[in-house]
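# Structure assessment
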Amino acid sequence: MPTITYELADGTRTDIKVDVGANVMRTAIDADIPGIVAECGGAAMCATCHVYLEKDSASAFTTISDVEEEMLECVAEDRQPESRLSCQLYVPEGIEQIIVRLPETQG
Amino acid sequence: MKFQQQPESRSHSYPVPVEGVTSLDFDPYASEVLRDPYPHYEMMREAGPIVWLEKYGVYAVTRYDSVRNVLTDPETYCSSAGVGLTNFHTEEPWRQPSIILEVDPPEHTKTRAVFTRILSPRALKKLTSTFEAQAELMVDRMIEKGVCDGVKDLADAFPIKVFGDAVGVPKDGREHLLPYGDMVFNAFGPANDRFKECLANLGPATEWITNACQRENLTSDGFGAELYAAADAGDISHEDAGMLVRTTLSAGLDTTIFTMGNALVNLGRNPDQWAVLRDDPKRARATIEEVLRYDSTFHSFYRTTTKETELEGVPLAREQKVLVFVASANRDPRHWADPDRFDVLRKATGNMGFGAGIHGCAGQMIARMEGEIALRTLASKVESIELLGEPILHFNNTVRGYTSMPMRVTAKKH
């Protein structure tokens, strides 16, 4: 079972075991992880589920779609090369651990 | 045009409803249901994760998880057969299908991307100060009047002004947008008397809206102009741009008006909740979210199966309409603690008032912004709101709101 590790801006880490195919945003919401707002509930409209992927995790995911690209331009905290919207991230097969860092603010 | 209600012969190999599924002769569009649908939703939720509605020949889902599962699986539960009861694959729709609401990927993805850009949080930020100034004017006027109508003076007036300006439609005749929207939302349900009466009384609304969506009648800096600019850039066709202006207007006005009215009604009926907001106007955004959950504007719409599938253990044939009750999901005790309590301190995100998944409302961020600004302004300036008599409910097949709400407002003392 893969693990998603959420690292809050203050460095606190939470590990959650998930099934392949789990959504990174929804997993955080269900586990009450602070720091992900996800106001639009995954419709890619609000840019409030912004995360930074750790290097090794980044390559595991599909590329950024046009819609996600548009939304990443609207995130509250600086966009970095490793920035993604967690609502667009589904845990792929063949990876043990995904590490996402959460920004200090979502807006 | 023809308005058939019974689905035509399908390729299914199952008797409907499948054995074991509760079959109900319940009509979700009956006036007595629309008056207070929530006890009926509870009845359906308790009858099972999926029920059969005999009158319309459709399955219905009412629990949070089953609603979410349907809405987030557009490959199985499509929109291109129409999001109303009419199956566009087998019956003629009352108007041309919308190229964003009633299409599937990959066509949908392209159109959706245009809206994502035009209605992005970054784009909306530019409108904030204009919206705030307008809200102040309107709330000040309500305070001056003392006795006013929460719908006419704020819930109606504010979106008609700021959203109409944001889209860039002509100022004269905007009242025609409301019966047109009413028609669109009635059409998500059956061709019942309510639908027929609405269609018969549309009057000049269709003509007005058709003209308003023409490029030459739009302002040069609104969402309408931006949709045509997207056509110039080759993202969509020019004909599509006109249709999308129409969709923006029909989807974006009645709905925000009703949501704002629903907010005022529930704050008026729950003085303790109003007091929480009044003492901390920053809670306006969370309050709107709770209004969307507790008293959803949008109640139900359909998806259609693209293939034989299984939902909650029930085998479904291809071309089967599934009625999705988002307003019921928003009150499902399996997901929400104390769901029938209006609580502005609640974390109501995750409610499906704007739908969910790839067809989740494209205008939800501007709708939230309008609601937040109106409520925050009201809460900053007003000490108390008091409903004077029972607000007048509007009856529509799929959306719920009020047309009049006499109330007394008292200014805050500074």
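All chains use their own residue numbering, which begins from 1 and follows the written sequence. Chain letters and ligand numbers both follow the written order, the letters beginning at A and the numbers at 1. For this predicted model, a pLDDT threshold of at least 70 governs which residues receive local features, and a threshold of 80 or more governs which side-chain atom pairs are given and counted, while totals over whole chains, interfaces and linings are taken from all residues. Computation of side-chain values covers all heavy atoms of the structure but excludes hydrogens and water.

With that out of the way, let us pick up the packing of helix 8 (residues 177-186) of chain B against helix 13 (residues 254-269) of chain B. The relative placement of two packed helices is expressed as an angle between their axes plus a distance between the axes. Residues and elements named next belong to chain B. For helices, the fitted line uses only the C-alpha atoms of the stretch in contact; every axis is such a line through C-alpha atoms, and the angle between N-to-C directions lies from 0 to 180 degrees. Numbering of helices and strands runs from the N terminus, with a helix taken as a DSSP run of H or I at least four residues long and a strand as a DSSP run of E at least two residues long. Contact geometry of helix 8 with helix 13 gives a least axis separation of 9 Å together with a crossing angle of 90°. Judged by the inter-axis angle, helix 8 sits roughly perpendicular to helix 13. On the side of helix 8, the interface is formed by Leu 177, Leu 178, Gly 181, Asp 182 and Phe 185, while helix 13 contributes Asp 254, Thr 255 and Ile 257. Basically, the charged four are Asp, Glu, Lys and Arg, the nonpolar ten are Ala, Val, Leu, Ile, Met, Phe, Trp, Tyr, Cys and Pro, and anything else, Gly included, counts as polar. Residue composition of the contact of helix 8 with helix 13, grouped by class: 4 nonpolar, 2 polar and 2 charged. In these notes the angle categories are as follows: under 35 degrees is roughly parallel, over 145 is roughly antiparallel, 65 to 115 is roughly perpendicular, and the rest is oblique. Contact between two residues is taken to exist if any of their heavy atoms lie within 4.5 Å; hydrogens are not considered.

Our next topic: unusual backbone geometry. With the exception of glycine, the majority of residues adopt a negative phi angle, and the majority of peptide bonds are in the trans configuration. For the bond running from B:Pro105 to B:Pro106, omega is 5°, close enough to zero to count as cis. Secondary-structure assignment places B:Pro106 in the loop between strand 4 (77-78) and helix 4 (107-118). A positive phi angle, close to 60°, is found at A:Ala47, a residue other than glycine. For A:Ala47, the position within the fold is in the loop between helix 1 (24-30) and strand 3 (50-53). By relative accessible area, which is 4% here, A:Ala47 ends up buried. One non-glycine residue, B:Asp338, adopts positive backbone phi at about 50°. Structurally, B:Asp338 can be placed in the loop between helix 16 (326-329) and helix 17 (364-381). Assessed through its relative accessible area of 43%, B:Asp338 is described here as partly exposed. Buried, partly exposed and exposed residues are distinguished by accessible area as a fraction of the type maximum, computed with a 1.4 Å probe on protein chains only: under 20%, between the cut-offs, and over 50%, respectively.

Moving on: the nonpolar core. Here, the term nonpolar core denotes a set of buried Ala, Val, Leu, Ile, Met, Phe, Trp, Tyr and Cys residues that are joined through side-chain atoms within 4.5 Å. The biggest cluster of nonpolar side chains holds 119 residues, and the ones touching the most others in it are B:Phe131, B:Phe158 and B:Phe223. Apart from residues no more than four positions distant in its own chain, B:Phe158 is found in contact with B:Phe131, B:Gln134, B:Ala135, B:Met138, B:Phe163, B:Met260, B:Glu370, B:Ile373 and B:Ala374. One finds A:Ile4, A:Leu8, A:Ala28 and A:Val51 within the second-largest nonpolar core, a separate group that totals 29 residues.

The term salt bridge refers to a pairing of a side-chain nitrogen on Lys or Arg with a carboxyl oxygen on Asp or Glu at a separation within 4 Å. Overall, the coordinates contain 37 salt bridges over all chains when judged by the stated rule. Across the pair B:Asp279 and B:Arg278 runs a salt bridge, and its minimum N-O distance is 3.1 Å. Between B:Glu372 and B:Arg285 there is a salt bridge, with the nearest N and O atoms lying 2.7 Å from each other. Taken together, the positions of B:Glu372 in helix 17 and B:Arg285 in helix 15 (residues 284-294) put the pair 87 residues apart, joining distant regions of the chain. Taking the relative accessible area as the measure of exposure, B:Arg285 reaches 21% and is therefore partly exposed. Residues participating in the shared-partner salt-bridge network are A:Glu39, B:Glu132, B:Arg285, B:Glu289, B:Arg368, B:Glu372 and B:Arg376.

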